[in-house]
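If you want the building blocks of each chain, they are given just below.
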Amino acid sequence: MRKLIFLCTVLISLQVTAQMNDAEKYASVITGTNLQKHLTIIASDNFEGRETGTEGQRKAAAYIESQFKNMGLKSVPALNGYQQYYPLFQDSLVTAEFKLNGKDAVFGKDFIAPLNTNETGKFKGKKIVFVGYGIDDEKYSDYKDIKVKGKVVVFFLGEPKADGKFIISGSATRASEWSFPGLTKKLAAAAAKGAIGALVINPNQEVFNQRTVDNGKKTGVYFPRAAATTGKTINYALLSHAFAKSIVGDFFNFDSYLKSAKASELLQIHSVETGIKTSFVFNKYRTTINASNVVGVIEGTDKKDEYVFLTGHYDHLGIGKQDGKIYYGADDDGSGTCAVIQMAEAFSKAAAEGHRPRRTIVFMTVSGEEKGLWGSEYYSDHPFFPLDKTSVDLNTDMVGRIDTERKTGDTMNYVYVIGHDKISSDLPKINEAANNNYTRLTLDYKFDDPNDPNRIYFRSDHYNFARKGVPILFFYDGMLKADYHKPTDTVDKITWDLYEKRVRMIFHTAWLMANRDEMLKRDTPLNMGTR
């Protein structure tokens, strides 16, 4: 019996050693030289800074797709190709007319009608109802005992505090989603209550400056968030303070309410309803532009219906509107993009030589990150693989340089790891094991502090997996104050040896997660407030 146990132990040890040797063999595909080859192209003049929705972004997408094809990665059948396209809009104003008791209000002075949150349409109302902050939540509602069906509602942006904390989020500093995305949610709540239109007051915007007025006539490119394109909503006009006061000032002390709204104080809402008649007509012209996430897949073996995602964003800031300079984004996030490409190459070589992963590995470079995590948000709302079968997302965003603020002795041998203590207790065990066995970097968890003022956990594409309950790790090199979001984030600043080491560590972590017996468990509540 002892001999049998000994032989089994030896056999398991040999199998583990063989797996480690295999992983190390294919990790060697990832080199500073190979990373530099790709990054020199991604962060070149030819791609013009890769701003989402531009030709430069589309050139970068085509390059990444060509790499995935050449490696033999599969496309996603549901996409009919290697790119998941999502729409971006650009709107131009045709007509915006607002009348109060038959009298025309002045666009740009009395009101504006933001293009990206209004749709072509009109409303006519015989009554206006004041509904405080316009919130309807189980923890707090401005609609209690107030009927708004068939009427026009008036409300302030923002949300109230009680005892120094926001009532809904329970935080002293972080508001809830009634503040962000806020307006969209409030319009949907009003629509659900039967309101036909809304008049909105921003407590911190007394008048409209020229830039605001110009934006009210033509937008930049923007992403139509799911909340704005699904479900019922209503049109609205944003009012100047003077014009708002002329509407409701006879019914309550507007200046007092405005002061309270600025301070996020509770508003003593009475059922203020006026017989003022309103008429709102809005027309716009919309241009649709497609952006994309680029996706390649290595199908797994016995666990092919479970998924490990490796992500990075390939977009950056494009060409500066004021200075005309190219913002190259070599580290942000050319480094993460090329890391994904190189890891795909390593896993592809392993698969070709008979070492296919047990789980399906999805290599996805997303766009729209710099604009507000657009591409990853679109994927998480329109997933082509089940999120409940997605074991983990390993997101790489800026891993090629050294944090200029880091003053410790391990400056040349560290990486920041974000998310290790959230959603899954398996995350640090696997990541630390991979690092201890192969790369021995210092894994710095400082940005996982719930009081991190930078809110790094919410600022890259892994967040859109996390908000859906998928375990994530985010690998990052630091704030880079000297070159962050500047034209000087260039290829010549990359620290190639450290960049190579970091990417190999991520590869080893992915290898373990793709080949273990179980998916990562989801056993640690995510409690970080709202984004």
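These numbers come from a predicted model, not from an experiment.

Caption draft 1: Fine view of the overall build of the chain. If you tally the helices and strands in the chain, you get 14 helices and 22 strands. Computed over C-alpha atoms, the radius of gyration of the chain comes to 26 Å, within 12% of the 24 Å expected from 2.2 N^0.38 for 531 residues, which places it in the range of a compact globule. With the C-alpha coordinates aligned to their principal axes, the bounding extent of the chain is approximately 90 × 55 × 50 Å. By residue count, 56% of the 531 residues in the chain fall in the buried class. Look at the contacts in the chain between residues 6 or more apart in sequence, and 84% of them connect residues 24 or more apart. For the chain, the computed accessible surface area is about 23,200 Å², with 50% contributed by carbon and sulfur atoms. Positive and negative side-chain charges in the chain, numbering 69 and 64 respectively, have mean positions lying 4 Å apart.

Caption draft 2: Layout of the pattern of salt bridges. Scanning the model with the defined rule gives 29 salt bridges in all. The residue Glu65 makes a salt bridge to Lys69 at a minimum N-O spacing of 3.0 Å. Note that Glu65 and Lys69 are positioned in helix H3 (residues 55-71) at a spacing of four residues, about one turn of the helix. Classification of Glu65 as buried rests on a relative accessible area of 16%.

Caption draft 3: Examining the nonpolar core more closely. Core analysis: the largest hydrophobic core is formed by 62 residues, its most contacted members being Phe68 and Phe363. Apart from the residues within four sequence positions on either side, Phe68 is in contact with Leu73, Tyr82, Val294, Val295, Gly296, Val340, Ile341, Ala344 and Phe363. In this structure, Leu115, Phe123, Val248 and Phe252 belong to the second largest nonpolar core, which totals 37 residues.

Caption draft 4: Region of interest: the packing of helix H7 (residues 241-248) against helix H8 (residues 254-262). Contact geometry of H7 with H8 gives a least axis separation of 10 Å together with a crossing angle of 130°. With respect to H8, the axis of H7 lies oblique. Along the contact surface, H7 presents His241, Ala244, Lys245 and Val248, while H8 presents Phe254, Asp255 and Leu258. Looking at the contact of H7 with H8 residue by residue, the class counts come to four nonpolar, one polar and two charged.

Caption draft 5: Representation of the pairing of strand E20 (residues 414-418) within the structure. Counting buried residues along E20, five of its five residues qualify, which places the element largely inside the surrounding structure. Here E20 shows no split at all, with Tyr414, Tyr416 and Ile418 on one side and Val415 and Val417 on the other all buried. Pairing of E20 with strand E21 (residues 442-444) involves three bridges; the strand directions are parallel. Counterpart to Tyr416 in the pairing with E21 is Asp444. Crossover connection from E20 via helix H12 (residues 426-439) to parallel E21: handedness right-handed. For E20 and strand E22 (residues 472-476), the ladder comprises three bridges, and the chain directions are antiparallel. Note on E22: the bridge partner recorded for Tyr416 is Tyr476.

Caption draft 6: Highlighting the pairing of strand E14 (residues 278-298). For strand E1 (residues 83-100) and E14, the ladder comprises 17 bridges, and the chain directions are antiparallel. Paired with Ala96 across the strands is Phe282, a residue of E14. Pairing of E14 with strand E18 (residues 359-366) involves five bridges; the strand directions are antiparallel. Looking at E18, one finds that Gly296 is bridged to Phe363.

Caption draft 7: Main features of the sheet that holds strand E8 (residues 152-156). Spatially, E3-E12-E11-E8-E5-E13 is the arrangement adopted by the six strands of the open sheet, whose pairing is mixed. Strand pairing shows two members of the sheet lacking a second neighbour, strand E3 (111-112) and strand E13 (273-274), which therefore form its edges. Pairing analysis gives two bridges linking strand E5 (residues 128-130) to E13, with the strands arranged antiparallel. Across the sheet, Ile128 pairs through a bridge with Thr274, a residue of E13. Of the strands in this sheet, E8, strand E11 (197-201) and strand E12 (236-239) are in contact with helix H4 (residues 183-192), which crosses E8 at around 150°. Its contacts with the sheet place H7 against E5, E11 and E12, and it is angled at close to 110° to E12.

Caption draft 8: Just the packing of helix H9 (residues 330-352) against helix H14 (residues 496-515), in detail. As a packed pair, H9 and H14 sit with axes 10 Å apart at the nearest point and diverge in direction by 50°. One way to sum up the angle between H9 and H14 is to call them oblique. As for the relative orientation of H9 and H14, their crossing is right-handed in sense. Two secondary-structure elements touch here, H9 through Gly334, Ser335, Cys338, Ala339, Met343, Ala346, Phe347 and Ala350 and H14 through Tyr499, Val503, Ile506, Phe507, Ala510 and Trp511. Residue composition of the contact of H9 with H14, grouped by class: twelve nonpolar, two polar and no charged.

Quick notes on the rules
Residues numbered from 1 in each chain as written. Predicted model: local features only at pLDDT ≥ 70, side-chain atom pairs only at ≥ 80, totals over all residues. Heavy atoms only, no water. Helix = DSSP H or I, 4+ residues; strand = E, 2+ residues; numbered from the N terminus. Rg over C-alpha atoms; globule rule 2.2 N^0.38 Å. Buried < 20%, exposed > 50% of the residue type's maximum accessible area, 1.4 Å probe, protein only. Contact = heavy atoms within 4.5 Å. Areas by Shrake-Rupley, 256 points an atom, 1.4 Å probe, with all protein chains shown as cover. Lys, Arg positive; Asp, Glu negative; His and termini not counted. Charge placed at Lys NZ, Arg CZ, Asp CG, Glu CD. Salt bridge = Lys/Arg side-chain N within 4 Å of Asp/Glu carboxyl O. Core = buried A, V, L, I, M, F, W, Y, C linked by side-chain atoms within 4.5 Å. Axes fitted to C-alpha atoms, helices over the stretch in contact; angles between N-to-C directions. Parallel < 35°, antiparallel > 145°, perpendicular 65-115°, else oblique. Nonpolar A, V, L, I, M, F, W, Y, C, P; charged D, E, K, R; others polar. Pairing = 2+ DSSP bridges. Right-handed = clockwise from strand over helix to strand, strands pointing away. Left-handed = near helix turned anticlockwise from the far one by under 90°.

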